[in-house]
Amino acid sequence: MPAKAELTYSEGSKVVPADAPEWAVSASRRIQEKLASTGEVTRAIPPEGVKRVLLHSCCAPCSGAMVEEMSCSDIVEEVVVFFYNPNIHPKKEYEIRKEENKEYCKRIGVEFIDCDYDVKNW
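Let us look at the structure shown here. The residue numbers shown here count from 1 along each chain, following its written sequence. Confidence filtering applies because this is a predicted model: local features only for residues at pLDDT of at least 70, side-chain atom pairs given and counted only at 80 or more, and all residues used for totals across whole chains, interfaces and linings. Side-chain figures throughout are based on the complete set of non-hydrogen atoms in the structure, without hydrogens or water.

## Observations regarding the sheet that holds strand β1 (residues 52-56)
Move 1: The pairing criterion for strands is at least two bridges between them, as found by DSSP. What counts as a helix is a DSSP run of H or I of at least four residues, what counts as a strand is a run of E of at least two, and both are numbered from the N terminus. If you walk across this open sheet you meet the three strands as β1-β2-β3, and the pairing is parallel. The two strands at the open ends of the sheet, each matched to only one other strand, are β1 and β3 (111-114). Across the sheet, the mean angle from the axis of one strand to that of its neighbour is 25°, orientation sign disregarded.
Move 2: With four bridges joining them, strand β2 (residues 78-83) and β3 adopt parallel strand pairing. Axis lines are fitted to C-alpha atoms, over the contacting stretch for helices. Their N-to-C directions set the angle, which ranges from 0 to 180 degrees.

Written as structure tokens, this is what we have:
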């Protein structure tokens, strides 16, 4: 498993790096708006005793915020992204999402499990 990268921000932070992906900027903006209007933000807390998380991911923008939050958690010791989405069509779109997910996980040091594009059995 690759070593975890030191994350310099997470969604919801007031200071987002200039090179942050657009989805992260948008997520931070939404979280800040919710915090300003309600005074609270929902936190992802795993069930008691859970230290390892296997997260099914359809794409990096959807799962990115959760992966980062869990990776920065003092509770969760290991996060693994599981990519199995033969329902995504065409295959080119599937490959785009898979490659973005793989690159994202590699960049932040999270293990990535890639299952086959098995449309027939899906």
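Next comes the rest of the write-up.
## Quick look at helix α1 (residues 22-38)
Move 1: An expected span of 1.5 Å times one less than the residue number is assigned to each helix. Given a rise of 1.5 Å per residue, 17 residues ought to cover 24 Å, and the 24 Å separating the end C-alpha atoms of α1 matches this to within 8%.
Move 2: Those residues of α1 that fall on the buried side of the exposure criterion are Trp23, Ala24, Ala27 and Ser28. Each buried residue of α1 lies within a common arc of 135° when the element is viewed along its axis, so the set occupies one face. In α1, the exposed positions that point more than 90 degrees away from the buried face belong to Glu22, Arg30, Ala36 and Ser37.
Move 3: Contact partners of the buried residues in α1: α2 (60-72) and α3 (91-108). Residue exposure (1.4 Å probe, protein chains only): buried if accessible area is under 20% of the type maximum, exposed if over 50%, otherwise partly exposed. Of all possible arcs, the one meant is that of the directions from the helix axis to the C-beta atoms. The contact criterion used is simple: two residues touch if any of their non-hydrogen atoms lie within 4.5 Å.

## Here's the deal with the pairing of β2
Move 1: β2 sits mainly inside the fold: five of its six residues count as buried.
Move 2: Pairing analysis gives five bridges linking β1 to β2, with the strands arranged parallel. Paired with leucine 55 across the bridge in β2 is valine 81.
Move 3: Handedness of a crossover is defined as follows: with both strands directed away from the viewer, a clockwise route from the first strand across the helix to the second makes it right-handed. The parallel pair β1 and β2 is bridged by α2, and the resulting crossover is right-handed.
Move 4: In this view, the connection linking β2 to its parallel neighbour β3 by way of α3 has right-handed handedness.

## Details of the nonpolar core
Move 1: Of all hydrophobic cores here, the largest spans 20 residues; its most connected members are Val67, Val79, Val81, Tyr104 and Val110.
Move 2: Dropping the residues within four chain positions of it, tyrosine 104 is found in contact with Trp23, Ala60, Gly64, Val67 and Glu68. Nonpolar core, defined: a set of buried Ala, Val, Leu, Ile, Met, Phe, Trp, Tyr and Cys residues in which side-chain atoms within 4.5 Å join the residues together.

## A closer look at the side chain of serine 57
Move 1: Here serine 57 lies in the loop between β1 and α2.
Move 2: In protein, a polar contact requires one atom able to donate a hydrogen and another able to accept it; more generally it is a pair of N or O atoms within 3.5 Å, and residues adjacent in sequence count only if both atoms are side-chain atoms. Within the structure, the side chain of serine 57 is placed 3.3 Å from the backbone oxygen of cysteine 59, a separation counted as a polar contact.
Move 3: In this structure, serine 57 is in contact with Ser63, Val81, Phe82, Phe83, Asn85 and Asn101, ignoring residues within four places of it in sequence.

## Remarks on the pattern of salt bridges
Move 1: For this analysis, a salt bridge means a side-chain nitrogen from Lys or Arg found within 4 Å of a carboxyl oxygen belonging to Asp or Glu. Evaluation of the coordinates by the stated rule reveals five salt bridges.
Move 2: Of the charged contacts, one joins aspartate 114 and lysine 98 as a salt bridge, the two residues approaching to 3.3 Å between their closest N and O atoms. Highlighted residues: aspartate 114 in strand β3 and lysine 98 in helix α3, separated in sequence by 16 residues.
Move 3: The buried category is assigned to lysine 98, whose relative accessible area is 11%.
Move 4: Glutamate 99 is the salt-bridge partner of lysine 102, the closest N and O atoms lying 3.6 Å from each other. Of this pair, lysine 102 and glutamate 99 both sit in helix α3, three residues apart, which is roughly one turn of the helix.
Move 5: Bridged by salt links that share partners, the residues Glu95, Lys98 and Asp114 form one connected network.

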